[in-house]
Amino acid sequence: MPSKRREYLSRRCFQRRFRPPGVRGFVFDYNGRINYTAAVRKVLNIIILLILSLMIVASIWGAFLGSGPAGAIVAGWAFFISGLLLFILFIVSFIQYRSLRERPGLMMVHAGCAAILAGGLWGGAFAHALNMESIAVNGRELLYGKIYKTAVQIPRGGYIDSLHSYDEQGLTAIVPLGFKMYLKDFVIEYYPDGQVRDYISHIMIIADGSGRHFGPYQIEVNKPLYFGGYHFYQHSFDQERGGFTVLTVVSDNGLWLVYAGYFLLLSGVIWQFWLNPLLKRPAGAEGASSVE
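The present account deals with the structure reproduced in this document.

Basis of the calculations
- Residues numbered from 1 in each chain as written.
- Predicted model: local features only at pLDDT ≥ 70, side-chain atom pairs only at ≥ 80, totals over all residues.
- Heavy atoms only, no water.
- Helix = DSSP H or I, 4+ residues; strand = E, 2+ residues; numbered from the N terminus.
- Buried < 20%, exposed > 50% of the residue type's maximum accessible area, 1.4 Å probe, protein only.
- Contact = heavy atoms within 4.5 Å.
- Pairing = 2+ DSSP bridges.
- Axes fitted to C-alpha atoms, helices over the stretch in contact; angles between N-to-C directions.
- Parallel < 35°, antiparallel > 145°, perpendicular 65-115°, else oblique.
- Left-handed = near helix turned anticlockwise from the far one by under 90°.
- Nonpolar A, V, L, I, M, F, W, Y, C, P; charged D, E, K, R; others polar.
- Phe/Tyr/Trp six-rings, centres within 6.5 Å; stacked < 30°, edge-to-face > 60°.
- Polar contact = N/O pair within 3.5 Å; in protein donor to acceptor, adjacent residues only side chain to side chain.
- Expected span 1.5 Å × (residues − 1).
- Bend = angle between axes of the 7 residues up to and from the residue.

**Details of the overall build of the chain**
And then number 1: When helices and strands are tallied, the chain shows nine helices and ten strands.
And then number 2: Buried positions account for 31% of the 292 residues belonging to the chain.
And then number 3: Of all intrachain contacts in the chain linking residues separated by at least 6 positions in sequence, the fraction that spans at least 24 positions is 47%.

**Section: the pairing of strand β6 (residues 196–207)**
And then number 1: Relative to strand β7 (residues 213–219), β6 runs antiparallel, the two being bridged by five bridges. Looking across to β7, one finds that Ile 205 is bridged to Phe 214.
And then number 2: Where β6 hands over to β7, the hairpin turn is made up of five residues, of which Gly 209 adopts a positive phi near 85°.

**Some thoughts on the packing of helix α4 (residues 77–96) against helix α6 (residues 104–122)**
In a packed pair of helices, the relevant descriptors are the angle between the two axes and the axis-to-axis distance.
And then number 1: It is at 10 Å that the axes of α4 and α6 come closest, and there the two elements cross at 155°. One finds that α4 runs roughly antiparallel with respect to α6. Remark: the crossing between α4 and α6 carries left-handed chirality. Where α4 abuts α6, its residues Phe 80, Gly 83, Leu 84, Leu 86, Phe 87, Phe 90 and Phe 94 lie against Met 107, His 110, Ala 111, Cys 113, Ala 114, Leu 117, Ala 118 and Leu 121.
And then number 2: Of the residues that constitute the contact of α4 with α6, the class distribution is 13 nonpolar, two polar and no charged.

**Topic: the packing of aromatic side chains**
And then number 1: For the structure shown, the criterion picks out seven aromatic pairs.
And then number 2: Taking the centre distance of 4.9 Å and the plane angle of 80° together, the rings of Phe 179 and Phe 227 count as edge-to-face. Of this pair, Phe 179 sits in strand β5 (residues 170–190) while Phe 227 sits in strand β8 (residues 225–227), placing them 48 residues apart in sequence.
And then number 3: Here Phe 179 falls in the buried class, since its relative accessible area comes to 4%.

**Regarding the side chain of Asn 253**
And then number 1: Inspection of the secondary structure assignment puts Asn 253 in the loop between β10 (244–251) and α8 (255–280).
And then number 2: A distance of 3.4 Å separates polar atoms of two side chains, one belonging to Asn 253 and the other to His 128.
And then number 3: A polar atom in the side chain of Asn 253 sits 3.0 Å from the side chain of Lys 146.
And then number 4: The contacts of Asn 253, once residues within four sequence positions are left out, are Gly 119, Trp 122, Gly 123, His 128 and Lys 146.

**Quick look at the packing of α6 against α8**
And then number 1: Taken N-terminus to C-terminus, the directions of α6 and α8 make an angle of 160°; their axes are 7 Å apart at the nearest point. Classed by the angle they form, the pair α6 and α8 counts as roughly antiparallel. Two packed elements cross with a definite hand, and for α6 against α8 that hand is left-handed.
And then number 2: In the contact of α6 with α8, the residues fall into 16 nonpolar, eight polar and no charged.

**Notes on α8**
Because an α-helix packs 3.6 residues into every turn, residues spaced three or four apart end up facing the same way.
And then number 1: Between its first and last C-alpha atoms α8 spans 36 Å; for 26 residues at 1.5 Å apiece the expected length is 38 Å, and the two agree.
And then number 2: Approximately 45° is the largest bend angle found in α8, and it occurs at Trp 271.
And then number 3: Within α8, the full set of buried residues consists of Val 258, Gly 261, Ser 267, Gly 268 and Asn 276.
And then number 4: Considering only its buried residues, α8 is in contact with α6.

Given below as structure tokens:
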């Protein structure tokens, strides 16, 4: 029997016989002492699995409740704090697990997961609310900063130069865009039976200060416009006369970090399962197998 295998079996037998009662789940060394490094790793794994399970259950529960309650759950402080704690535990895992630092594939996979989580937290509604500043306008406190998501209505021939957010009590936030978005024209295309086939907003953008013109751009369903840190999606229009368009505006905070995370995740999987076995293959192994 190989010496390493014999040592492993002896250590396992010793641990089972002399593990102190009531202290289970911790790893003991050969002398019967608690290996605190292994204990910390086990606690980390348990906490990470617990947080992931709670977030998954909350997401599934929100899906059954509908889009409104589900959005409220994801945008709430509990979901944000859980994600932040999970991100911190990922960073602690990099320090605790030496095997991650020694295996580039696993390191990229875990770093990708951490980047995706960080990007999602940064781009979420709760993080946007934390970054908003309070200002007084006409005797009322309004939030000022980058809005997470809202809708704008632009009349034909008109423009917008700021974003506004509302709730049941009225205006809650105002954000200058730094440019003017003009609706030059709005086109509605129909099927032969008279049903609406598509609706397109023709947009021109003029930057504040420099007066530089951008465009023209076309915004239509499933073809949004990205400009100035926001995505503009075609949402609706004036059903009666087509006199205005309605655009949904979504912040891009954290988006590129999420993209980078998915790139790292995919690169790590490719490295771990394809490139790493090829690099570790002994020289001449392919030729030897072909000879056999």
